[in-house]
Amino acid sequence: MASSSASASSSAAAAAAYPRSLLPLRRRPGLLALLVILLCFLAFQVVIHVPSARSAVSRWFFSGHQIERKDGSGNCPGCGNSQDVDSAGNTIAYTDQDGRIKLFKVTAREFASSSIWENPWLPRDSQLADRTQVAAQELLLATESEATNLSNAETLGTKSIDPIKLKRQVFRRKRKAKRVQELLQMDKEVELEMRNAAINSSRNFDNNVKGSYNIWRPEFHHTNTDSTLRLMVDQIIMAKIYATIALSQKESALYNSLMRCIKESQTAIGDAQMDNELDSSALERAKAMGHVLSSARDVLYSSGEVSRKLRAVLQSTELNIDAVKKQNTFLVQHAAKTVPMPLHCLHMQLTTDYYFRDSVIKAHFHDAALKEEEHKAKLEDQSLYHYAIFSDNVLAASVVVRSTVTNANEPEKHVFHIVTDKLNFAAMKMWFISHPPRLATVHVENIENFKWLNSSYCSVCRQLESARLKEYYFKAHDPSSLSDGNENLKYRNPKYLSMLNHLRFYMPEIHPKLDKILFLDDDVVVQKDLTPLWDVDLKGMVNGAVETCKESFHRFDTYLNFSHPKISENFDPRACGWAFGMNMFDLKEWKKRNITGIYHYWQDLNEDRKLWKLGTLPPGLITFYNLTYPLNRTWHVLGLGYDPAVDISEIESAAVVHYNGNYKPWLDLAISKYRPYWSKYVDLDNSHIQHCYTSQQ
C-alpha cells in the first residue's frame, strides 16, 4: 500500500516536471529526434561562425587536459616527451578567413621554425608568446627589414595565420635575399668589360648626317611657319565683327579698344608672309587682342547677330577668292605664253649673227656646209638613232640635244631632226652652226619648206585658218573668255595655234626613209642613254609611250566628251591615258595602219570642238587607241612643270624628265627645286647667253 502510494506520488511529480505541451513529444519519439538533430545543427553552425563561441567551446573542451597536465599525471593523449611529439602524425584542423573548417595531416618535423603549432596541453599564453617571438625573428632575418618584420611579428601575435601560407612567404623571402646576394657578388671583371664596351661604342658613334634629311639639320628647322600670322589675321576678323556690333549697341569704350587692337595688330603684321617676318611685338599684340576679344565676347556675344556677320564676311571672302583665282589663272597663262626678255634677246642676237655675218661666223658657216655634205647620208641611215624635235625655242632645243648627247654611249650615232617655224629658223640654225654638239648630227628644217602641209591635205591647217577658231581665241564675248568666267584659259596658249604642235602626226611624211624615230618634246631633259629604246619590241604597236593613269586620273574620260555618241560608241572611258613627250614611233606600222588618215578623220569630226577641246593629246589618244605599247615608267617621268610633289628619287632614276605644265624651267614661274636638272645643260659659256641673262639681272 505504501509502495503504491509512493509510485503514484512519483508519477504525479513526473507529470508536474514535464509541461503539458511536451507530453505529445513523448508519445512521438521520431519528432523528438528530429528536433534534437536540428538543435545540434544550429549549435554547430554557431560554433563555426561565431569566434567567441568557438573559443569558449575550445577552452571548455580542453580544460580537463590542462588540469591533468598541471597535476603532472602525464597520461593524457599527446602529452609525451618532445621526441614523441616530433615524430607524431597529427591531423590539424583550422578555419580559414571565411569560417570554413579545413583538415590536413602533418608531422611535427615538417613544421619550420617559423611555423606555429599550438599544443592544446601547454599553457595558451606562454605558448603563443613563444611561437610569435620565434616567427618574428625568422621573418626579421629573412627580409632584413626591421620595421616591416616587427609589424609582421605584431600581426602574428594578434591574428591566426595559415601555416602553409606562412611557410611559402618565408621561402620566397629567403629566395629573394639569395638572389640579391648573387647580384651583389657579380663578377667585377664582367662589369668592367661591359663598361669598356659602352665607352668604346660611344667613342665610335657616327653622328654624321646620312641621307638628305635629318631633323637636327638647321635647314629643316621649321622656322618658316605662319601659325602666329594666321592667328592674328583671324583675330582681326573677329575684332572687326565685334567692333561693328559694339558700335551698333553704343558700347563706345569697347569699340575703341577693339579698333586700337586692330590697328596695332595690322602694324605688327605689316607685309609679313611668315612668322619670322613679323614684328617683335606681334606675340604681345596677339595676347592683348585675345584679352579684348574675350571681354567683347562676354559683353556682346549674340549667336544670331554674330552668325549673320560671319556669314556676310564669308560671302565677301568667297567673292574675293573667286576674283583672285580668275586673276591668278589669267596671269599664269599669260606668263606661260609670254617669251621672257632674256630668251627673246638670245633669239635676236642669233638672228642678227645669221644675217649679218662677220669673219668668225662665216668660218662657222663654211665648216657647217662641209659637215652637212658629210652628214647628208646619216639623215636617212637606218642603222643610226634618229630623234624628232619640233620647237621654236632655241634654248629649250639646245638643252634637249645637249643632254641627250652628254648621256649617250655612242654620240656619233645619234641624229637630231629639228623642225622650227619661219620666225625662229635663223636663230635655231645659227645656234647649232656655232655650237655643234659633240660628234652628233643636227639637221634644222623650216616648216615652210613642207609644201605638202597645206589646208587641202591637212584638216588642222584648215581649222587653224578658220574665223570661228580665231573668234574662239581672241573675242572677249566667246564663252571661253575671261570676262565670261570660264577658267579654261590654257587653250588660248599660242602653241595650240602653231602647226609645230601637230607635226607629230605627220612623221612618215617628214621622214619617209626611216623605220623608227624617237619623238622628244622641247621641255624634256635626257638623263640616260636612250639607245635601248630602239631594241624594245612594240608587239606590232605603232606608239611606245609611258602610261599616266593612276586610279581615276588621266583616263580617257578626262580628255574626251563621252556624252557625244561618236566618242561613247568607239572608246572606253576607263581606258588608260599615256603621255606625249617621249614616244617611240614604228613608222612601218604607221604607214601600214594609215595613222595619219585616222587622225584626219577625227579632226574633221571635231571641227566644232564637241569631241574634245584644243590640244594634241586628245586626238593622240584617239588616233593611237589600241595601238600604244606601254613602256616602263622609269623611261619617262612627268609633272615637273606643275607638280611640286614629284618624288626626287623617281626624277633621279628616270631616263627622261618632262616639264609638262605652265612652270617651264626657262620661266621665272619654274619650280625652283626642279630647275637644276634642266639648267645644268645650258651652255653658260656662250657669250650671247651671258649678255642676255646677266643684263636682265
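Residues numbered from 1 in each chain as written. Predicted model: local features only at pLDDT ≥ 70, side-chain atom pairs only at ≥ 80, totals over all residues. Heavy atoms only, no water.

Looking along a regular strand, one sees the side chains alternate between the two faces of the sheet. Most of strand E3 (residues 385-390) sits inside the fold, with 6 of its 6 residues counted as buried. Because side chains alternate across E3, one face comprises the buried residues Tyr385, Tyr387 and Ile389, and the other comprises His386, Ala388 and Phe390, equally buried. Pairing of E3 with strand E4 (residues 414-420), which is carried by 6 bridges, proceeds in the parallel orientation. What sits directly across from Ile389, in E4, is Ile418. Summarising the sheet, E3 and strand E6 (residues 516-520) pair through 2 bridges and their orientation is parallel. Opposite Ala388, over in E6, you have Phe519 as the bridge partner. (Buried < 20%, exposed > 50% of the residue type's maximum accessible area, 1.4 Å probe, protein only. Helix = DSSP H or I, 4+ residues; strand = E, 2+ residues; numbered from the N terminus. Pairing = 2+ DSSP bridges.)

This part is about the sheet that holds strand E5 (residues 441-446). Hydrogen bonds between backbone groups are what pair the strands of a sheet, and the pairing can be parallel or antiparallel. Reading across the sheet, the 7 strands line up as E5-E4-E3-E6-E9-E8-E10 and stay open at both edges, with mixed pairing between neighbours. The sheet terminates laterally at E5 and strand E10 (628-630), the two strands that pair on one side only. The sheet shows a mean angle of 25° between the axes of neighbouring strands, taken without regard to direction. As judged from the 2 bridges shared by strand E8 (residues 543-545) and strand E9 (residues 582-586), these two strands associate in the antiparallel manner. Counted as the bridge partner of Gly544 is Met584 from E9. Strands in contact with helix H17 (residues 425-434) are E4 and E5; relative to E5, the strand with the most contacts, it is inclined by about 165°. (Axes fitted to C-alpha atoms, helices over the stretch in contact; angles between N-to-C directions. Contact = heavy atoms within 4.5 Å.)

Attention now goes to a nonpolar patch on the surface. Where nonpolar side chains cluster on the molecular surface, the patch consists of Leu32, Leu35, Val36, Leu38, Leu39, Phe41 and Leu42 and spans about 630 Å² of accessible area. One can find Leu42 in helix H3 (residues 29-49). We classify Leu42 as partly exposed; its relative accessible area is 45%. (Patch = residues over 30% accessible without salt bridge, like charges linked within 9 Å, V, L, I, M, F, W, Y side chains within 5 Å. Areas by Shrake-Rupley, 256 points an atom, 1.4 Å probe, with all protein chains shown as cover. Salt bridge = Lys/Arg side-chain N within 4 Å of Asp/Glu carboxyl O.)

Moving on, we get to the nonpolar core. Ranked by internal contacts, the top residues of the largest apolar core, which has 62 residues, are Leu518, Leu520, Leu530 and Leu533. Every residue in contact with Leu533, bar those within four places of it in the chain, is listed here: Leu518, Met582, Met584, Leu631 and Trp635. Judged by nonpolar contacts, the second largest core, of 42 residues, contains Val460, Leu503, Val542 and Leu587. (Core = buried A, V, L, I, M, F, W, Y, C linked by side-chain atoms within 4.5 Å.)

Next up on the list: unusual backbone geometry. Positive phi is not limited to glycine here, since Lys539 has a value of about 60°. Summarising the element assignment, Lys539 is placed in the loop between strand E7 (524-526) and E8. Owing to a relative accessible area of 56%, Lys539 belongs among the exposed residues under this scheme. A positive phi is found at Asn626, a non-glycine position, where the angle reads about 65°. Looking at the secondary structure, you find Asn626 in the loop between helix H25 (617-623) and E10.

This brings us to the state of the cysteines. In this structure the tally under the stated criterion is 2 disulfides. Across a sulfur-sulfur distance of 2.1 Å, Cys345 and Cys692 are joined as a disulfide pair. Measuring the twist about the S-S bond at about -70°, one finds the Cys345-Cys692 disulfide to be left-handed. Of this pair, Cys345 sits in helix H14 (residues 341-355) while Cys692 sits in helix H28 (residues 687-694), and the two are 347 residues apart along the sequence. You'll find Cys345 and Cys692 in the same group, each marked buried. (Disulfide = S-S within 2.5 Å.)

Before going further, it helps to examine a positive patch on the surface. A contiguous patch of positive charge, built from Lys165, Arg168, Arg172 and Arg175, is present on the exposed surface. Looking at the element boundaries, Arg172 is found in helix H8 (residues 163-184). (Lys, Arg positive; Asp, Glu negative; His and termini not counted. Charge placed at Lys NZ, Arg CZ, Asp CG, Glu CD.)

Two numbers describe how helix H10 (residues 227-248) lies on helix H12 (residues 282-300): the axes approach to 10 Å, and their chain directions differ by 35°. Relative to H12, H10 is oriented so that their crossing is left-handed. From H10, Met232, Gln235, Met238, Ala239, Tyr242, Ile245 and Ala246 reach across to H12, where they touch Ala282, Arg285, Ala286, Met289, Gly290, Leu293, Ala296, Arg297 and Leu300. Class assignment for the residues of the contact of H10 with H12 results in 12 nonpolar, 2 polar and 2 charged. (Left-handed = near helix turned anticlockwise from the far one by under 90°. Nonpolar A, V, L, I, M, F, W, Y, C, P; charged D, E, K, R; others polar.)

This part covers the packing of helix H11 (residues 252-269) against H12. H12 packs onto H11 with a crossing angle of 155° between their chain directions and a minimal axis gap of 10 Å. Of the possible angle classes, the one that applies to H11 and H12 is roughly antiparallel. Crossing of H11 against H12: the hand is left-handed. Here Leu254, Ser257, Leu258, Cys261, Ile262, Glu264, Ser265 and Ala268 of H11 lie close against H12, whose contacting residues are Ala282, Arg285, Ala288, Met289, Val292, Leu293, Ala296, Val299 and Leu300. (Parallel < 35°, antiparallel > 145°, perpendicular 65-115°, else oblique.)

An order of E7-E12-E11 is seen for the 3 strands of this open sheet, with the pairing classed as mixed. Every other strand in the sheet has two partners, leaving E7 and strand E11 (636-637) as the edge strands with one partner each. Here E7 pairs with strand E12 (residues 656-658) via 3 bridges, running antiparallel. Bridge pairing in E12 links Val524 to His658.

Counted under the stated rule, the structure contains 24 aromatic pairs. Centre to centre, the rings of Tyr385 and Trp534 are 5.1 Å apart; their planes meet at 65°, and the pair counts as edge-to-face. Linking Tyr385 in strand E3 with Trp534 in the loop between E7 and E8, this pair joins segments that are 149 residues apart in sequence. Note on Phe571 and Trp602: the rings are 5.3 Å apart at their centroids and 55° apart in plane angle, and the pair reads as tilted. Residue Phe571 is found in the loop between helix H22 (565-570) and E9, and its partner Trp602 is found in helix H24 (residues 595-605); the two are separated by 31 residues along the sequence. Assessed through its relative accessible area of 8%, Phe571 is described here as buried. Its relative accessible area of 9% is what places Trp602 among the buried residues. One cation-aromatic arrangement involves Arg504 over Phe580; the distance from NZ or CZ to the ring centre is 4.8 Å. (Phe/Tyr/Trp six-rings, centres within 6.5 Å; stacked < 30°, edge-to-face > 60°. Lys NZ or Arg CZ within 6 Å of the ring centre and 35° of its normal.)

With that settled, the discussion passes to H24. Taken together, the buried positions of H24 are occupied by Ile595, Thr596, Tyr599, His600, Trp602 and Gln603. Check the buried side of H24 and you find it contacts helix H18 (459-464), helix H20 (507-510), H22, helix H23 (587-593) and H25.

Here the structure, examined in full by the defined rule, presents 13 salt bridges. Notably, a salt bridge pairs Asp523 with Lys664, separated by 2.5 Å at the nearest N-O pair. Placement of the pair is Asp523 in the loop between E6 and E7 and Lys664 in the loop between E12 and helix H27 (675-679), with a sequence separation of 141 residues. Taking the relative accessible area as the measure of exposure, Asp523 reaches 6% and is therefore buried. We note a salt bridge from Asp557 to Arg574, for which the minimum N-O separation is 4.0 Å. Pair noted here: Asp557 is in helix H21 (residues 556-559) and Arg574 is in the loop between H22 and E9, with a separation of 17 residues, a long-range link. With relative accessibility at 35%, the residue Asp557 sits in the partly exposed group. Among the residues examined, Arg574 registers a relative accessible area of 41% and is labelled partly exposed.

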